[in-house]
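Chains, contacts and geometry: an overview
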Amino acid sequence: MNDATPVTAERHLTSYPKFLWRSVVLATDGSALFYAWMTVLTAIALVGFNAWCHQVSEGMITTHMTDHVSWGLYIANFTFGVGLAAGGVMMVIPAYLYHDRKMHDVVIVGELLAIAAIVICLLFVVADLGRPDRFWHLIPGIGRFNFPMSMLTWDVIVLNGYLLINLHICGYLLYQRFLNREPNPKWYVPFVMLSIVWAISIHTVTAFLYCGLGGRPFWNSGLLAPRFLASAFVSGPAFIIVTLYILRRFSRIRASTRVIETLVKILRVTVLINLLMFASEMFTEFYTGGSHASAAHYLFFGLHGKTALVPWTWSSLALNIFAAVIFLTPRITTKPALLIVGCAMGFCGVWIEKGMGLIIPGFVPSTLHEIVEYTPSLVEWKVTAGIWAFGFMVFTVALKIAGRVFDGDHRLKV
Amino acid sequence: MASAVLTLGCSPDRIDLPVELNGNEGAPHPAVVVLSPPDRSGVVVESGGSDVAIPCGTCHATRDPNLATRSSEELDQFHSGLEYAHGDLSCLSCHDHDDPAELRLADGRSLPARRSIELCAQCHGPQYRDYSAGSHGGGSGYWDKRQGSLVRNHCLHCHDPHAPSFPAMQPTFKPKDRFLDAPSHESPDKDSAKKENHG
Amino acid sequence: MTAESSTPNGGGPDSGPGAASGNSATSTPPPPGGISRRTVVKGMGVTLGAAAFGIAANPLKSFVEDLTFDEFIQRHYKELTNDELTAVLARLKTEVKEDYGADVEIKDHRPLKGVKFGYAINLSLCNGNGKCVEACHKENNHDRATNQSYIRVLEMPKGTMDMEKGNTTYNHAVPLKDKYYMPVQCLQCDNPPCVDVCPVQATWKEADGIVVVDYNWCIGCRYCEAACPYHARRFNWTTPEIPADEMNPIQSYLANRPRPKGTVEKCHFCLHKTREGKAPACMEACPTGARVFGNMLDPDSSVRWILENKRVFVLKEELGTQPSLFYFFDE
């Protein structure tokens, strides 16, 4: 604390609302490009919101989910989103555990990504509910929260907890900068450490949603949670690298090349671990054979002439392999364009693998081994695009506020 | 040709059965009631637009049953066209030679037609055991004998004694789930084109 | 949704000047004094955005209008007092009248003391005719458009228990010589995975073994559908269609009353009948006598005799779900 005057509670009462107000002002202010970007996102979000309203009033018949494939694009994106949120921690670990000073400067990008990704996840869960009006039944105290039996209640806790932890960390750091004060480590470092453990937990618990179900052999594997983490640590850093390049171009947040090198080092390991675990699971499925392998068969080759997922699966595999090759290229950080392509490939590859490639084969064939295929409906695509657009809005606005506050042009005038 | 088939019409009367079924002491209703078997005490002939039942004795008072008859092709007059597929039995394995309206047990004793379950039980022991225990023959009404009776079928509701194998059926109600391939319209098997209903 | 709703507070035109003055770093020219052009544009943007949001939300109107306040605040079945339950049942009766034009009687059937239901299906007798499927459809007021039913019948080749080789869409005279037929419905597991996973306790196992759903508490997350190893659960993807003259008027809260859209339902062993001592609809409809229902705690019951004397098995025993519905073959 190098501030001369101690901050009293009364001062917070006036300065905190000021901070929030300035943040709102910053969030709504920017260049023509910023307005265009936000307008497009708002439009997509509204289209998605409108589609969701239709879904609520007409019923989920507007989706292409069925009693056989009872989860679809929403839960697929939810699962992926949790990974993205957890992936943000891959900036926090080098910054705080390995005291990487350069990473420290931009670690807030990872933390803000976590916030935006969790918002997306929560929206996807709400979009998937048949009765969103009964959401309050989930609230401990006034509803009936089936804790600790239901893994979904664990997920509700860890996701909201992770959101709150990251909101606290980012909010505290930004507020202290706003007050022209050096942040006090005891108010945020313990939370940063907690957020590292917590990041692991959100994706582990999300994997437990699926792998605890004995009736779904495709999911019922002890390797699922580690696989989730490995893929999260591909999609998260890949997304962050692209974000850092974009920020270099459009904002004054400048990540040093050292930061990108660190992230690439992480990617080189995680992308291989992810592929290895995937290969290990597929070996077990196909070498063992039998009806437990029928979902994997469906995924790769189709089953009884039904092949809807086959193109997705092979694209995902190809994308992941190409991404690995690109990440492993020597001195890749000197070729930003190629690196960005690699990141995009890794991101999309994991999106398919953790989304359509994981959720749908859990249901095909069904538990009675009937084969009902699933392709998302237009409403589902609209809602999904809308939620992603909203997530990008949150991320953009958060980065904007953070960038400006850290730049110092948004300090409290004393 | 005056077609003459044995009737399997279902009567709503209920009969007592010699089978020992679950006890039901003190309740105002029997634990189990078995629907009376279809009336088979004769042949039904269409005459002037209406069905006329002709008791067995009408002919057999004068006409002696043929002991040797083992196949339906050998039958004539009122019995012609009878579908017969019940093992290697002859008519008089079950029908009483002296009183064609009644039945005959394997040991030669006569058995009233309404007690036909005992006749079936001679050969179909496991089915009789299962039926008595409630695991064969189905039921409706009450599972809880304290509250009402379980209404049971008689052997003859499901099994034509001359061709006892359960008839083939055509499923009439199939799932119509979205995106589940619609039922394939396979042609029904020729040899399973038997009627669903006995009547 | 939160961003759209928070921007009107933040960027309102009346609070404009303060907002604009703090932004020296933007590339646009400084405001010419008073209300800046930027603020006006912002205000217009917010107004347009709010209007677009209102239009986008329009389809929700019918949903909100249909949702009564009493329905919204209704508590969990187990938390209702007798008076509240009576009021709920009366309200539901009115709703069925309004929505379907049918006069029905909705009761609340509680488990009978000393009863644990068991069901045994004789696969030597079942010939796959599907009368049970149809009886369930009618008894339980299922959606007419989809032939919805709690029962599915698998046609399986003799000599295998691998459902991979089964088929539910067969449509030919039955039985085929080389096939056997296996009806599957909720097995009312003693260790039900569907109950474990429900985040809001909208489904639970009752004392007589029946796993029930409070259709007015279910949030429609469909986790139970994912958890059930037997495809026993159904989701109401839309409001079920049932003509008034086909509505079964004898109904129960946890059983066959018309289910609201967006909620999960399942076989409840016809508890509106079986808790009155009557046989379930599928058993009464079975023309082959393959179905035997009764109280497993009654040593004289038929189902008990089967458990003691037949070689029964359960589906997917390796999952440890401990079903209350058993299968057996005679031979």
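All figures in this text were calculated on a predicted structure; none of them were measured in a lab.

1. Remarks on the overall build of chain C
Looking only at helices and strands, one finds 12 helices and 12 strands in chain C. Counting all 331 residues of chain C, 60% fall into the buried class. Looking at chain C as shown, the accessible area adds up to about 13100 Å², and 57% of this sits on carbon and sulfur atoms.

2. Here's the deal with the environment of Ile241 of chain A
Residue and element names in this part refer to chain A. Within the secondary structure, Ile241 is located in helix H8 (residues 224-250). As for Ile241 and Val259, which are separated by 18 residues in sequence, their C-alpha atoms are 8.9 Å apart. Sequence-distant contacts of Ile241, defined by excluding residues within four places in its chain, comprise Ile260, Leu263, Val264, Leu267, Leu339 and Cys343.

3. Some words on the environment of Ile75 of chain A
Residues and elements named next belong to chain A. Mapped onto the secondary structure, Ile75 falls in helix H3 (residues 73-87). On the accessibility criterion, Ile75 (7% relative accessible area) is buried. In this structure the C-alpha to C-alpha distance between Ile75 and Val125, which are 50 residues apart in sequence, comes to 6.9 Å. Ile75 has contacts with Asp128, Tyr210 and Ile359, leaving out every residue within four places of it along the chain.

4. A few points about the interface of chain A and chain B
Each side of the interface is counted separately: chain A has 12 residues, and chain B has five residues. With both chains or domains summed, chain A and chain B bury close to 630 Å², and 54% of this area falls on carbon and sulfur atoms. Run the count over chain A and chain B and you get zero salt bridges. At the boundary of chain A and chain B, one finds two residue pairs in polar contact (both at pLDDT 80 or more).

5. Overview of the packing of aromatic side chains
The full count for this structure, using the stated rule, is 48 aromatic pairs over all chains. Relative to Tyr210 of chain A, the ring of Trp71 of chain A has its centre 6.0 Å away and its plane inclined at 90°; by these criteria the two rings are edge-to-face. Taken as a pair, Trp71 of chain A in the loop between helix H2 (32-58) and H3 and Tyr210 of chain A in helix H7 (residues 185-211) lie far apart in primary sequence, 139 residues in all. Taking relative accessible area as the criterion, Trp71 of chain A reaches 4% and is therefore assigned buried. Residue classification places Tyr210 of chain A among the buried positions, given a relative accessible area of 0%. Geometry around Phe250 of chain A places Arg249 of chain A over its ring, the cationic atom sitting 5.0 Å from the centre. The ring centre of Tyr131 of chain B lies 4.4 Å from the NZ or CZ of Arg152 of chain B, which sits over that ring.

6. Quick look at unusual backbone geometry
Cis geometry is found at the peptide bond from Val364 of chain A to Pro365 of chain A, where omega equals -5°. For Pro365 of chain A, the location among the structural elements is in the loop between helix H13 (356-359) and helix H14 (378-407). Following Val174 of chain C, the chain continues to Pro175 of chain C via a peptide bond in cis, the omega torsion being 0°. Within the secondary structure, Pro175 of chain C is located in the loop between strand E3 (152-157) and strand E4 (179-184). A positive phi angle is found at Arg331 of chain A, which is not glycine, with a value near 50°. You can see Arg331 of chain A is positioned in the loop between helix H11 (310-328) and helix H12 (336-354). Judged by relative accessible area, Arg331 of chain A falls into the exposed class, the value being 63%. In this structure, Asn141 of chain C is a non-glycine residue whose phi angle is positive, near 55°. Its place among the elements puts Asn141 of chain C in the loop between helix H7 (131-139) and E3. On the basis of relative accessible area, Asn141 of chain C is assigned to the buried category, the value being 0%.

7. Regarding the pairing of strand E2 (residues 117-122) of chain C
Residue and element names in this part refer to chain C. Most of E2 sits out of view: six of its six residues are buried. As judged from the five bridges shared by E2 and strand E10 (residues 291-295), these two strands associate in the antiparallel manner. Bridge pairing in E10 links Tyr119 to Phe293. As paired strands, E2 and strand E12 (residues 325-328) are joined by four bridges and run parallel to one another. Residue pairing across strands places Ile121 opposite Tyr327, the latter belonging to E12.

8. Thoughts on the sheet that holds E12 of chain C
Strand pairs in the sheet, formed through backbone hydrogen bonds, run parallel or antiparallel to each other. Residue and element names in this part refer to chain C. The strand order across the open sheet formed by four strands is E10-E2-E12-E11, and the pairing between neighbours is mixed. The open sheet is flanked by E10 and strand E11 (312-313), the only strands paired with a single partner. One ladder, built from two bridges, connects E11 with E12; its direction is antiparallel. Within the sheet, the bridge partner assigned to Phe313 lies in E12 and is Tyr327.

Parameters at a glance
- Residues numbered from 1 in each chain as written.
- Chains lettered and ligands numbered in written order.
- Predicted model: local features only at pLDDT ≥ 70, side-chain atom pairs only at ≥ 80, totals over all residues.
- Heavy atoms only, no water.
- Helix = DSSP H or I, 4+ residues; strand = E, 2+ residues; numbered from the N terminus.
- Buried < 20%, exposed > 50% of the residue type's maximum accessible area, 1.4 Å probe, protein only.
- Areas by Shrake-Rupley, 256 points an atom, 1.4 Å probe, with all protein chains shown as cover.
- Contact = heavy atoms within 4.5 Å.
- Buried area = accessible area lost by both parts, 1.4 Å probe.
- Salt bridge = Lys/Arg side-chain N within 4 Å of Asp/Glu carboxyl O.
- Polar contact = N/O pair within 3.5 Å; in protein donor to acceptor, adjacent residues only side chain to side chain.
- Phe/Tyr/Trp six-rings, centres within 6.5 Å; stacked < 30°, edge-to-face > 60°.
- Lys NZ or Arg CZ within 6 Å of the ring centre and 35° of its normal.
- Pairing = 2+ DSSP bridges.

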